[in-house]
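# Observations on the three-dimensional arrangement
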Amino acid sequence: MSHVFYRQPGQEYPVAVAGDGITIVDRAGRRYLDASGGAAVSCLGHNHPRVTEAIKAQADRLAYAHTSFFTSEPAEQLADHLIAGAPAGIDQVYFVSGGSEAVEAALKMARQYFVEIGQPERRHFVARRQSYHGNTLGALAVGGNAWRRRQFEPLLTEAAHVSPCYAYRGREPGESEEAYGLRLAAELEATVLRLGPETVIGFVAEPVVGATMGAVPAVPGYFKAVRQVCDRYGMLLILDEVMCGMGRTGTLFACEQEGVRPDLVTVAKGLGAGYQPIGATLVARPIFEAIRDGSGFFQHGHTYMGHPLACAAALAVQQTIAEEQLLGRVRRQGARLRELLATRFGDHPNVGEIRGRGLFQGLEFVADRASKRPFAPEHKLHARIKAAAMARGLLCYPMGGTIDGRSGDHLLLAPPFIVSEEELEEIVERLAQAIGAAVAAVSQAAA
Ligand SMILES: Cc1ncc(COP(=O)(O)O)c(C=O)c1O
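Fair warning: this is a prediction, and the values are worked out from it, not measured in the lab. (Residues numbered from 1 in each chain as written. Predicted model: local features only at pLDDT ≥ 70, side-chain atom pairs only at ≥ 80, totals over all residues. Heavy atoms only, no water.)

What follows concerns unusual backbone geometry. Even without a glycine there, the phi angle at Ala215 is positive, about 60 degrees. Looking at the element boundaries, Ala215 is found in the loop between strand S8 (208-209) and strand S9 (216-217). Residue Lys380 is not a glycine yet carries a positive backbone phi of 45 degrees. Secondary-structure assignment places Lys380 in the loop between strand S14 (360-365) and helix H14 (381-391). (Helix = DSSP H or I, 4+ residues; strand = E, 2+ residues; numbered from the N terminus.)

Encoded structure:
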């Protein structure tokens, strides 16, 4: 028996031994097309020579130097690179080792900012239901993913949750997208007023919701209206781009497409593309200055933050994306993927919506299209699709609880930016077979 404590103890996993382009190979020699980059991570595919060379070169020079003594060349260069492409006003980068750590740092930085500027009464975060911001306790507390939170509720600090921007199910009949967005911003404002605006630190949201709902972008104008609410009450806008950032949606930062200015942005998965564990919290200048010129110390830190190998890998990843103009490729291949999905699933009786941006596309499954009725959760359609896809040599990212943490199934596709047109066709072909097999199995189980 293995001594590795797996995500799902008791389950058996194939042993991954090699990777090449968008393919992962297991020990039995089976090949899998990685159509989700794991969990929207592997944006350059596997075994990219430029990135692996950068890691080796850095390891040969210096693997580690603690950040309380030193900075490092890769960390400095990566920060410069990120800030050059960051939204206006974002000026500093705090490096950590993953998405949850990036969110924790953002939450603590936001709180400390208000302490530094003499507003210590600010203590509440507002976030959204059906969102995911990480599994550490602070990130889980702001997250609105009901099934992930449930058993840990007694340990979580209080956070207020408002409705997600989920037009497929949330928009009223006859309501325009713009009116829907304004209604949600009004709900946020009412929540802030209920809590007492002088007690609210900020609003936390994913610009395109990833794992919890399956690539759901906001309606036009929603984030602008949200920004106005934040400005009106002196709150910070904290955007979690751990999954949707770093080019995944066709722009380096997903929020560029919303035309809003965040105060803090978290990134992780596509930053290091899986070559090293790395995340970052990007910070607007006033927050940095308040801490630098106030106590002079952000009371946080981790042993492995700003790790030179991780920064060297991420720098090589980000330079590759820039030099090979991969954002344009994400937009082109994303449009092609969307076309293929629309052709294959546009009239599919069990696909309620196809959505997303760039190479970040989602399908929401329904038992009945007209009423949008979901499949019964006990049939675990999402798990069946994952297994059926894997049996056909396809990796995708399905999840359940799309609607309320219990009902609903969706699937996320996030192939590497280097994916070819032929590979996209193959992905959609295998996906159609997997969905067909899974739906048939559910129908049989229900009969
Ligand atoms: C939006 C978002 N935030 C935070 C996280 C947590 O990141 P990590 O798993 O690297 O801790 C995730 C992971 O899926 C995510 O999608």
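Moving on from the coordinates now.
Once that is clear, we can look at the pairing of strand S3 (residues 31-34). Side chains on a regular strand alternate between the two faces of the sheet. Pairing geometry for strand S2 (residues 23-26) and S3, over three bridges, is antiparallel. Paired with Val25 across the bridge in S3 is Arg31. Counted along the chain from S2 to the antiparallel partner S3, the turn is four residues long, and its residue Gly29 has a positive phi close to 90 degrees. Sheet analysis places S3 next to strand S15 (residues 394-395), joined by two bridges and oriented parallel. Paired with Leu33 across the two strands is Leu394, which belongs to S15. (Pairing = 2+ DSSP bridges.)

Taken together, Gly98, Gly99, Ser100, Tyr132, His133, Gly134, Glu206, Asp240, Val242, Met243 and Lys269 make up the full set of residues near the ligand. The side chain of Asp240 places a nitrogen or oxygen atom 2.7 Å from a nitrogen atom of the ligand. The separation between an oxygen atom of the ligand and a polar side-chain atom of Lys269 is 2.8 Å. For the ligand, whose free accessible area comes to 390 Å², the fraction covered by protein is 81%. Within the shell around the ligand, the residues separate by chemical class into three nonpolar, five polar and three charged. (Near = heavy atom within 4 Å. Polar contact = N/O pair within 3.5 Å; in protein donor to acceptor, adjacent residues only side chain to side chain. Areas by Shrake-Rupley, 256 points an atom, 1.4 Å probe, with all protein chains shown as cover. Nonpolar A, V, L, I, M, F, W, Y, C, P; charged D, E, K, R; others polar.)

What follows concerns the nonpolar core. Counting residues in hydrophobic clusters, the biggest one holds 54 residues, and the most contacted among them are Leu78, Phe95, Phe203, Tyr222, Phe253, Leu271 and Leu282. Tallying contributions element by element places helix H9 (residues 222-232) first for this core, with six residues. Leaving out residues up to four positions away in the same chain, Leu78 has contacts with Phe95, Leu271, Ile278, Cys311, Ala314, Leu315 and Gln318. If you look at the next biggest cluster of nonpolar residues, it comprises 46 residues, including Val51, Ala313, Ala316 and Ile435. (Core = buried A, V, L, I, M, F, W, Y, C linked by side-chain atoms within 4.5 Å. Buried < 20%, exposed > 50% of the residue type's maximum accessible area, 1.4 Å probe, protein only. Contact = heavy atoms within 4.5 Å.)

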